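Now for the letters of each chain:
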Amino acid sequence: MQEQGLYDTFGRKHNYLRISLTDACNLRCTYCMPDEKVIVTPSHKMMQVDEIVEIAKVFVSLGVNKIRLTGGEPLVRKDAKLIIQQLAKLPVELSISTNAVLVNEFIEDFKQANIRSVNVSLDTLNADDFLKITKRGEFEKIKQNLFLLVKEGFKVKLNMVVMKGINENAILDFIELTKDFALDARFIEFMPFSGNDWNREKVFTQTEMLQLIQTKYNVLKLEDELNDTAKKYKVPGHKGNFGFISTVSNPFCNTCNRLRLTADGKMKNCLFSEGETDLLNAYRNGINIEPLIIENLQAKKQALGGRFDFENIENRSMIKIGVKTKPLIMHNKFPLRR
Ligand code: SAM
Ligand code: SF4
């Protein structure tokens, strides 16, 4: 008999919820933010602190025991500290993904919330390249905050999006960094989202990355954990590890345990899913969201949200996973209570 929990129709158990706190950001990474002017969701359409907590509680009651805060940049939200404090009271392993610009202001809050794992996005160790990729001059601050997190004993995963012809050579700089710093560098294949000018030629695949690394280093394959998205390796003698997230060349959907909640309270069962369920509007109208969560999960496709044609993908940009895709369940008949 199947244990209790959030199972989809392929028998995958879902215990991990990624909550986007905002679609705003203090950087403009070319691969993430659409080129056109970003329209940030108005505050009243976003989940408020109590709504985030109450909706999260329902997921927890159904079996979620890991929550990661993301965005946009989660730490730009004015009430980020309060949200972290409140979610820390739930029986979950709480973690966060951040660009680290504001991390120094949050070290104590992370510690008090028992956040042990922090994912930091950084795509190069060269200040000029950083400015080209992010369109903002925050490189030194991020570097300092990255080292601060390591020094303070956080488990740091450093996420680099690798784009062919743009930053692939930074891979070797990050491997060198793992020599003295106990962090996990993770090299992510460039994924397609609306407005990010993706094409297959720009994808530097996991195989190409490994070949590049092996031109300079001997590497050792490490054992991967069951639901881990990264294939892990190590250079013997280095303090840190490295890994690849190969969503494009070799997706890891068969062990997926992730659910997503956008900053405006829509549930997505996959990063690439077309359908989404408006949990916030339902919650505001006093509707029990538990069956909606289960219904959404039952519609989860076996792989990549059922979309295998990356060339023609129309998806919310990463910051908006959050802007509109097809509703899975329509709750327009329940207007917002004012
Ligand atoms: N602002 C935070 C940050 O940068 O870590 C959290 C949100 S960001 C959208 C979450 C992760 O998505 C980051 O690691 C980022 O590098 C990754 N990401 C964004 N766009 C991507 C793309 N087109 N392909 C692959 N990864 C992407
Ligand atoms: Fe902002 Fe993170 Fe997207 Fe960069 S990857 S634009 S830091 S949300």
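Structure: above.
The rules behind each value
- Residues numbered from 1 in each chain as written.
- Chains lettered and ligands numbered in written order.
- Predicted model: local features only at pLDDT ≥ 70, side-chain atom pairs only at ≥ 80, totals over all residues.
- Heavy atoms only, no water.
- Helix = DSSP H or I, 4+ residues; strand = E, 2+ residues; numbered from the N terminus.
- Buried < 20%, exposed > 50% of the residue type's maximum accessible area, 1.4 Å probe, protein only.
- Areas by Shrake-Rupley, 256 points an atom, 1.4 Å probe, with all protein chains shown as cover.
- Core = buried A, V, L, I, M, F, W, Y, C linked by side-chain atoms within 4.5 Å.
- Contact = heavy atoms within 4.5 Å.
- Salt bridge = Lys/Arg side-chain N within 4 Å of Asp/Glu carboxyl O.

### Side note on the overall build of the chain
Next up, step 1: Looking only at helices and strands, one finds nine helices and 15 strands in the chain.
Next up, step 2: Here the chain, with 338 residues, has 57% of them falling under the buried criterion.
Next up, step 3: Only carbon and sulfur atoms are counted for the fraction: they give 51% of the accessible area of the chain, which is about 15,500 Å².

### Considerations on unusual backbone geometry
Next up, step 1: In this structure, Ala100 takes a positive phi of about 75° despite not being glycine.
Next up, step 2: Position of Ala100 relative to the elements: it lies in the loop between strand E5 (93-98) and helix H3 (107-112).
Next up, step 3: Unusually for a residue other than glycine, Lys135 sits at a positive phi of about 60°.

### Side note on the nonpolar core
In a soluble, globular protein the nonpolar side chains are often hidden away together inside.
Next up, step 1: If you look at the biggest cluster of nonpolar residues, it comprises 103 residues, and the most contacted ones within it are Ile19, Ile67, Phe110 and Phe187.
Next up, step 2: The element best represented in this core is helix H1 (residues 49-61), accounting for eight residues.
Next up, step 3: Residues within four places of Ile19 in sequence aside, it is in contact with Met47, Ile52, Ala56, Ile67, Arg68, Leu69, Thr70, Leu87 and Leu261.

### A few points about the pattern of salt bridges
Side chains carrying opposite charge are able to pair once their charged atoms draw close together.
Next up, step 1: Across all of its chains, the model carries 16 salt bridges by this definition.
Next up, step 2: One salt bridge connects Lys179 with Glu176, and the closest N-O pair in it is separated by 3.8 Å. Highlighted residues: Lys179 and Glu176, both in helix H6 (residues 170-180), separated by three residues, approximately one helical turn.
Next up, step 3: The network of salt bridges with common partners includes Glu108, Lys111 and Glu152.

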